[in-house]
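Letter by letter, the chains look like this.
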Amino acid sequence: VELTRYALQIDDKNFTMDQILDTVLPPGVDRPSSFETIGHIAHLNLRDEQLPYKHAIGEAILLKNKSLRTVINKVGTIETEFRTFPLEVIAGDHDLDAEVHEANCRFRFNFSEVYWNSRLQMEHERLVATIGKGQVVADMFAGIGPFAVPLAKKGCLVYANDLNPRSYHFLCDNMGRNKVTRNMSPSNYDGRDFMRRLVRGELRPPAAFDPHRIIHPAVLQAPSPSSSSSSSSTLPSSSSSSSASSSSSSSSSSTPSVSIFQHVIMNLPALAVQFLDVFRELNITHRPFIHCYGFSNASNLVDDIIRQIHDVLGKVPEEPMVREVRDVSPKKRMMCVTFRLPADLPPPVHAPAPAATNSITSSSSSNLGVDTKRKSPQDMPNSESVVEKKQR
């Protein structure tokens with residue numbers, strides 16, 4: 001037996017990130033449980049007791065995640081009209097120009113200038129899957145295009161709007177980057193103004209778009225809450241779009257109207273429900289599907305989000321499909337409600353009924369009458385049977 005000296009070199013490869021963090025954090029201070037990844041950026045929401053050690057935490061994340069180059073910490077809440085929040089770089093490069101890949105698309109943006117949440121990837125893909133090829137979509141709060149660009153890529157005509165000039169800039173850039181400029185019409189307006197302009201026919205599709213590729217709203221079927229729990233089965237799919245398009249073209253030889261949108265996406269959870277009031281001033285009789293996102297912290301999430309919609313829209317949606325998207329905090333949930341725009345909406349409060357010239361219809365029939373009676377909360381239907389719980 002011979003005793004030999006051996007120099008053992010121990011470095012970061014011998015430790016997990018949790019073990020490294022345990023060496024830099026004092027007893028009683030928990031490790032960060034998770035972080036969001038946006039391209040080369042790691043995004044943390046550190047608690048107050050962790051802040052004195054933020055730089056060490058950031059360095060540990062970079063040490064054990066070689067694909068990351070920048071670590072940031074959110075230092076405030078989303079309070080601006082553009083959905084941005086204050087942040088600080090706590091480790092690595094001061095480079096916030098990110099590129100992410102989602103739904104076979106590439107998105108580039110500056111994370112400090114626009115809103116992006118990688119945790120919504122599954123929700124983006126879910127909703128895109130429910131909207132069939134050849135349909136016309138109005139994306140009211142499009143951001144940099146996580147819904148709009150994949151929809152355009154699958155063959156939809158998308159009117160994509162965002163109030164943030166920087167979001168609009170990157171939206172246009174991502175259109176070109178993903179080669180969908182022929183299927184998208186971007187705009188930079190307030191959400192209500194966007195809908196008014198679209199209804200009045202002021203927003204036009206790209207010159208290269210073929211209007212005969214769209215599906216007329218009359219051939220679409222309303223969602224059925226008694227169908228499969230999979231939301232993709234409740235709206236017209238790509239396979240049904242082909243037959244629907246043939247039916248539409250055979251019933252009418254005229255060029256389809258590209259201003260008659262079949263879907264409206266309202267992904268601004270903090271405020272989207274309030275923007276539903278614009279539909280009370282616009283006489284839209286073809287009844288598009290509305291996909292409205294909101295927040296709720298009530299004990300009964302479904303009743304609360306439907307009540308919010310009722311209070312603004314002035315009418316209870318028929319057979320709404322309610323989905324819990326994700327936890328925002330322990331007592332706050334992000335919700336998505338899909339419903340067909342009710343007919344005969346009451347006029348906007350303290351405003352005259354809309355003139356016939358602001359009408360957009362799917363036929364030549366006369367305008368429908370207006371029902372000014374508001375339903376009480378007791379009259380609201382129970383929507384529990386159509387809730388889709390988020391995937392854990």
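Structure's up top.
Cut-offs applied
- Going along each chain's sequence as written, the residues are numbered from 1 onward.
- Owing to the predicted nature of the model, reporting of local features is limited to residues with pLDDT of at least 70; listing and counting of side-chain atom pairs is limited to 80 or more, with chain, interface and lining totals taken over all residues.
- To obtain the side-chain values, all non-hydrogen atoms of the structure were used and water was disregarded.
- Accessibility here uses a 1.4 Å probe with only protein chains present; expressed as a share of the type maximum, an area under 20% marks a residue as buried, one over 50% as exposed, and anything in between as partly exposed.
- For helices the rule is a DSSP run of H or I covering at least 4 residues; for strands it is a run of E covering at least 2, with both sets numbered from the N terminus onward.
- The contact definition used throughout considers only heavy atoms, calling two residues in contact when any of these lie within 4.5 Å.
- Strands qualify as paired when DSSP identifies two bridges or more between them.
- In this analysis an axis means a line fitted to C-alpha atoms, helices contributing only their contacting stretch, and an angle means the value between N-to-C directions, from 0 to 180 degrees.
- Disulfides are defined in this document as cysteine sulfur pairs within 2.5 Å.
- Each residue after the first adds 1.5 Å to the expected span of a helix.
- In this description, one arc is meant: the one made by directions from the helix axis to the C-beta atoms.
- N or O atoms within 3.5 Å of each other form a polar contact, as long as, within protein, one can give a hydrogen and the other can take it, and as long as residues adjacent in sequence are counted only when both atoms are side-chain atoms.
- Crossovers are described as right-handed under a simple rule: with the strands pointing away from the observer, the path leading from the first strand over the helix to the second runs clockwise.
- Each angle receives one of four descriptions, namely roughly parallel if under 35 degrees, roughly antiparallel if over 145, roughly perpendicular if within 65 to 115, and oblique otherwise.
- The sense of a crossing depends on the near helix, which, turned anticlockwise from the far helix by less than a right angle, makes the crossing left-handed and, turned clockwise, makes it right-handed.
- When residue character is reported, Ala, Val, Leu, Ile, Met, Phe, Trp, Tyr, Cys and Pro are called nonpolar, Asp, Glu, Lys and Arg charged, and the others, Gly included, polar.
- In what follows, salt bridge is the name for a side-chain nitrogen of Lys or Arg lying within 4 Å of a carboxyl oxygen of Asp or Glu.
- Side-chain rings of Phe, Tyr and Trp, where Trp is taken by its six-membered ring, are said to pair if the distance between their centres is within 6.5 Å; with planes under 30 degrees apart they count as stacked, over 60 as edge-to-face, and otherwise as tilted.
- Two conditions define a charge sitting above a ring: the NZ of Lys or the CZ of Arg must be within 6 Å of the ring centre, and it must be within 35 degrees of the ring normal.

**Here we look at helix α3 (residues 121-130)**
Consideration 1: Within the sequence span of α3, burial applies to E123, H124, R126, L127, V128 and T130.
Consideration 2: Where α3 is buried, its residues touch β5 (97-102), α4 (148-153), β10 (263-266), β12 (289-296), β13 (321-329) and β14 (332-340).

**Concerning the sheet that holds strand β3 (residues 70-74)**
Consideration 1: If you trace the four strands from one edge of the open sheet to the other, you get β1-β2-β3-β4, paired in mixed fashion. This sheet does not close on itself; its edge strands, each paired only once, are β1 (36-38) and β4 (87-92). Ignoring strand direction, the axes of neighbouring strands in this sheet form an average angle of 30 degrees.
Consideration 2: In terms of strand pairing, β1 meets strand β2 (residues 41-44) through three bridges, oriented antiparallel. Counterpart to T37 in the pairing with β2 is A42.
Consideration 3: Contacts between helix α2 (residues 54-64) and the sheet are confined to β2, β3 and β4, with β4 contributing the most and set at about 55 degrees to the helix.

**A few points about the pairing of β12**
Consideration 1: With seven of eight residues buried, β12 is to be regarded as a mostly interior element.
Consideration 2: In this structure, β10 lies alongside β12, joined through four bridges in parallel fashion. Paired with V264 across the two strands is I290, which belongs to β12.
Consideration 3: Here β12 pairs with β14 via eight bridges, running antiparallel. If you follow H291 over to β14, its bridge partner there is T338.

**Considering the state of the cysteines**
Consideration 1: Counted under the stated rule, the structure contains zero disulfides.
Consideration 2: Considering cysteine sulfurs only, C336 is the nearest to C292, which forms no disulfide, with 7.9 Å between them.

**Some thoughts on helix α5 (residues 165-177)**
Consideration 1: Helix length check: α5 (13 residues) gives 18 Å between terminal C-alpha atoms against 18 Å at 1.5 Å per residue, within 8%.
Consideration 2: Of all the positions in α5, only S167, F170, L171, N174 and M175 are classed as buried. Projected down its long axis, α5 carries its buried residues within an arc of 150 degrees, all on one side.
Consideration 3: The distance from a side-chain oxygen at the start of α5 to the backbone nitrogen of R166 is 2.9 Å, and the residue carrying that oxygen is N164.
Consideration 4: Directly beyond the C-terminal end of α5, a positive phi value near 60 degrees is found at K179.

**Focus: the pairing of β2**
Consideration 1: Alternating positions in β2 separate into two faces, I41 and H43 on one and A42 and L44 on the other, with burial throughout.
Consideration 2: Two successive antiparallel strands, β1 and β2, enclose a turn made up of two residues, where G39 displays a positive phi of approximately 65 degrees.
Consideration 3: Bridge count for β2 against β3 is four bridges, and the pairing is parallel. Across the sheet, the residue bridging to I41 is T70, located in β3.
Consideration 4: Since β2 and β3 lie parallel, the crossover through α2 that links them has a hand, and here it is right-handed.

**Describing the environment of V114**
Consideration 1: Examined against the element boundaries, V114 turns out to sit in the loop between β6 (105-110) and α3.
Consideration 2: Sequence-wise, V114 and R166 are 52 residues apart; in three dimensions their C-alpha atoms are separated by 6.6 Å.
Consideration 3: Non-local contacts of V114, meaning those with residues more than four positions away in its chain, are made with T84, F109, I144, N164, R166, S167 and F170.

**Let's talk about the packing of helix α1 (residues 17-24) against α2**
Consideration 1: Orientation of α1 relative to α2, taken along the N-to-C sense of each, is 155 degrees, at an axis distance of 10 Å. Overall, the two elements α1 and α2 adopt an arrangement that is roughly antiparallel. Every pair of crossing elements has a handedness; the one defined by α1 and α2 is right-handed. Of α2, the residues touching α1 (which contributes M17, I20, L21 and V24) are A56, I57, A60, I61, L63 and K64.
Consideration 2: Residues of the contact of α1 with α2, tallied by class, amount to nine nonpolar, no polar and one charged.

**Things to note about the pattern of salt bridges**
Consideration 1: Applying the stated rule across the entire model yields 22 salt bridges.
Consideration 2: Put simply, R47 and D30 hold a salt bridge, and the shortest N to O gap is 3.4 Å. Of this pair, R47 sits in the loop between β2 and α2 while D30 sits in the loop between α1 and β1, and the two are 17 residues apart along the sequence.
Consideration 3: D30 sits in the partly exposed class, given a relative accessible area of 47%.
Consideration 4: A salt bridge links R106 to E99; its shortest N-O distance comes to 3.7 Å.
Consideration 5: Taking relative accessible area as the criterion, R106 reaches 30% and is therefore assigned partly exposed.
Consideration 6: Among the ionic contacts, a cluster of salt bridges with common partners joins D193, R197, R200 and E202.

**Some thoughts on the packing of aromatic side chains**
Consideration 1: A full pass over the atoms with the stated rule returns four aromatic pairs.
Consideration 2: These aromatic residues form a ring-pair network of at least three members: F107, F109 and W116.
Consideration 3: Above the plane of the ring of F275 lies R192, whose end atom (NZ or CZ) is 4.1 Å from the centre.
Consideration 4: A cation over a ring is seen here: K332 above F295, with NZ or CZ 4.3 Å from the ring centre.

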